[in-house]
Each structure stands twice: as structure tokens, then as C-alpha cells.
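One-letter residues, chain by chain:
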Amino acid sequence: MARRLRALAVGMGFAVLATSLVSLWVLAVFDRLPEQVATHWGITGPDGFAPRSSVWESLGLSLALTLVLGLVFVLTMPANGRSANVSAGITAGLGTFFGLLFGGTVALQASFGADHPLLLHIWWLAPALLLALGVGILAGRVVGTAPPRPPATGIPPRSARMPERDHRRSWQSKVDLHPAVWLILLVPLAIFVIIGVGVGSWILPVVMTAVVAAPLAGVWRWHVIVDAKGLTCRNFLGWPTLRHALAEIEIAESIDFVGAFTYGGPGLRITRKGERLVLRGGPALRVELSDGTDFIVTVQEADVAAKLLNTLIADQRVAVPGAAR
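Residues numbered from 1 in each chain as written. Predicted model: local features only at pLDDT ≥ 70, side-chain atom pairs only at ≥ 80, totals over all residues. Heavy atoms only, no water.

### Details of the sheet that holds strand β7 (residues 249-258)
Here comes step 1: Taken together, the 5 strands give an open sheet; going across it, the order is β7-β10-β11-β9-β8, and neighbouring strands pair in mixed fashion. A strand with exactly one partner marks an edge of an open sheet, and here the two such strands are β7 and β8 (267-271). Strand-to-strand twist across the sheet, computed as the mean angle between neighbouring axes with direction ignored, equals 15 degrees. (Pairing = 2+ DSSP bridges. Helix = DSSP H or I, 4+ residues; strand = E, 2+ residues; numbered from the N terminus. Axes fitted to C-alpha atoms, helices over the stretch in contact; angles between N-to-C directions.)

### Quick notes on the pairing of strand β3 (residues 171-176)
Here comes step 1: What you see with β3 is a clean split: W171, S173 and V175 sit on the buried side and Q172, K174 and D176 on the side with no burial.
Here comes step 2: Judged from the 6 bridges that link them, β3 and strand β4 (residues 221-227) form a sheet pairing that is antiparallel. Pairing of K174 across the sheet is with H223, part of β4. (Buried < 20%, exposed > 50% of the residue type's maximum accessible area, 1.4 Å probe, protein only.)

### As for the confidence of the model for the protein chain
Here comes step 1: Summing up the model confidence of the protein chain, the mean pLDDT is 84 and the portion of residues at 70 or higher is 89%.
Here comes step 2: Here residues 319-325 is a poorly scored stretch, pLDDT under 50, and it has 11 contacts once near neighbours within four places are set aside; other chains count. (pLDDT = per-residue confidence, 0-100. Contact = heavy atoms within 4.5 Å.)

### What about the pattern of salt bridges?
Here comes step 1: Applying the stated rule across the entire model yields 10 salt bridges.
Here comes step 2: For R169, the salt bridge goes to D315, with nearest N and O atoms at 3.4 Å. Residue R169 is located in the loop between α4 (125-143) and β3, and its partner D315 is located in helix α7 (residues 302-316); the two are separated by 146 residues in the primary sequence.
Here comes step 3: For D294, the salt bridge goes to R286, with nearest N and O atoms at 2.9 Å. Grouping residues by exposure puts D294 and R286 together as buried.
Here comes step 4: Among the charged side chains, a salt-bridge network with shared partners connects E253, R276, R286, E288 and D294. (Salt bridge = Lys/Arg side-chain N within 4 Å of Asp/Glu carboxyl O.)

### Structural notes on the environment of A152
Here comes step 1: Mapped onto the secondary structure, A152 falls in the loop between α4 and β3.
Here comes step 2: Between the C-alpha atoms of A152 and E248, which are 96 residues apart in sequence, the distance is 5.0 Å.
Here comes step 3: Once you skip the residues sitting within four places of it in the chain, A152 turns out to touch A247, E248, I249, E250, S290 and R317.

### Concerning the packing of helix α1 (residues 2-29) against helix α2 (residues 54-76)
Here comes step 1: Remark: α1 packs on α2, axes separated minimally by 10 Å, with the N-to-C direction vectors making an angle of 165 degrees. Looking at the two axes, α1 sits roughly antiparallel to α2. Regarding α1 and α2, the two cross each other, and that crossing is right-handed. Contacts from R4, L8, M12, A15, V16, T19, V22, S23, V26 and L27 of α1 reach α2 at V55, W56, L59, S62, L63, T66, L67, G70, L71, V74 and L75. (Parallel < 35°, antiparallel > 145°, perpendicular 65-115°, else oblique. Left-handed = near helix turned anticlockwise from the far one by under 90°.)

### With respect to the packing of aromatic side chains
Here comes step 1: Scanning the model with the defined rule gives 3 aromatic pairs in all.
Here comes step 2: Seen from their ring centres, W220 and F236 are 5.1 Å apart, and the 90 degrees between their planes marks the pair as edge-to-face. A residue pair is termed long-range when its members are at least 10 positions apart, and W220 in the loop between α6 (203-218) and β4 and F236 in the loop between β5 (230-235) and β6 (241-245) qualify at 16 residues.
Here comes step 3: Of note, R221 hangs over the ring of W220, and the distance from its end group to the ring centre comes to 4.7 Å.
Here comes step 4: Taking the ring centre of Y263 as reference, the NZ or CZ of R276 above it sits at 5.2 Å. (Phe/Tyr/Trp six-rings, centres within 6.5 Å; stacked < 30°, edge-to-face > 60°. Lys NZ or Arg CZ within 6 Å of the ring centre and 35° of its normal.)

### With respect to helix α3 (residues 83-107)
Here comes step 1: Here α3 spans 35 Å end to end across 25 residues, near enough to the 36 Å set by a 1.5 Å rise per residue.
Here comes step 2: When the local axis directions of α3 are compared, the greatest deviation, roughly 30 degrees, occurs at L101.
Here comes step 3: Of all 25 residues that make up α3, 20 are buried, and the element is covered over most of its length. (Expected span 1.5 Å × (residues − 1). Bend = angle between axes of the 7 residues up to and from the residue.)

As C-alpha cells, then:
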């Protein structure tokens, strides 16, 4: 619980700091803002206006929304592992982006004179997103490294292991996103292009497509490795890398089939029960961890990976009497 509270405090702390800096920006240009500022844009331009003083309410709303989402992230993610870092990072990143979205769009309007049309600065969304991402990563690091899981209790007798004639002590495989998943981009891409044509800016579809495509590209290919170090899942970019040492694995098993949308869609998912790396439907490797959570990754030859993990664990430690379940 303490780690969850720390994650929420760090995430909200960065969100408050970012919102405060945006507020200072708005305050510095407040006298140059029009009495009525644009608060909403349609395809043809601004279609919603409010008094300039409403910006303070909007910034307060952004913090309230960030707090609610931060609480949701903290309460729905596991209390251990990297989850606290992730929840703090998401909270800080969203708080930063909301502050720029609610306050930055108003502050930018100070650059327009009475004789100039009010246009939407699409280009600034890209640096806003990058800044929010950077703040989120920094907040995750501030939370600190998660404490190690308790030592596992041994291998239950029911665990499947490698045949005695098979002397392999390492195994690896690659798993990619199913090509059909990229078709998901076609629908939003068409919408983004239509919006871009409507507002007369090519930057809008580029930025919005990048926002949708980046998470898919980031989890496109993974290397899954089983060896004396345990189970390692490494993204082809080198980050993130998911590791589970032999000492924290209770047992490994294979699952005949896990659907691509079983846990909400392809990609890396963090649930209260643990992390799920599902890139396509098919067999999956499941490892039960010593803190009660588990880790699931869809990969071919999951049965071989599970047997090898159990064999390596059995070689490393003596089974605990009464550990059978």
C-alpha cells in the first residue's frame, strides 16, 4: 500500500508542477488575451468560447481529472513490481498533457491580434505529447526500483519438466504482432485524413496517426528467452525488458490457447493479477510468481519453455515438502 501511495503522490506531484508552470504561462499573457477565448475547435475553426477567466476552472478540472485517473490506475494495478512506476508515469504524463491542453490552447491565443483570424495551432500537440511522455518517464524513475519478490517455495510435484535425455539449458523464440493488427490503423487513419483536409493542415493526421501507431510499433516484436537467469522478454528496441528470475518463479505451465483480445487487445497489458504480453492468438507461457501474481506471454513452443523453466528451477533448489497443490 505504501508503494501505491508513493506512486500516486509522485504522479500527482509532477502533474501539479506541470499545471503550475502552465498557469504561470497563462498569467504572464493574461492581459493580452481576448475577453472571450476559444475553448473548442471544430473542422471549420473555433466553435466554442468562454470568458478568459474560465481558464483557471479548466486547469483545476485538469488536476481533478488527473487525480481521479491516478486513483484508478493505482487501485487497478498490482501493488508490487513495476506497476507503481507505470501508474505514477501515466498520472504525471496525463496531468502534464491535460495542463497543456486546457491552459496552453488559451495561452497561445495571446499571440493573435484583433485583426487576425483565430486558428488552431495543431503543431504544438507534438511537443506537448513528447513533453508529457518525458515527464511520465521521469516520474516513473522517481518512484524507485520495486522491492524484490519473496523467494519461491519450490517446485510442486505436478510440474512438467524436460525429458532426461534432453540436456538443453536455454531456449529462445521471437513473437511478432499479427499483421492483421496493423489493419486497425486503417479506420482511424481515414478519419484523421478527412479531419486534416477539413482543417487544412497535414500535421493533424500525421500527429494523430503517430499517437495511435506508436504503441503498436513499440510492442511489434519481442524476444522470449529461457535460461539460467530465468525468463526474459525483451522488446526489439531493447526497452522495455521484462525479467523474472528463477528464484521468484513458483511454477511454469503452458496454456493451449490465449486469444489476441482476451486481455483487452494485443500488446502489453498490466492487470491486478499481473502482466500479459499478448501479441497474437495462440499458445502461451504462464509463470506463477512468488507474490501471488503471474505473467503470461503468447509464444510458440510454450510447452517447451514451461518444461525447461521447471527443470532449471528444480536444478537450482530443492522442492519444499508439502508444496504440491
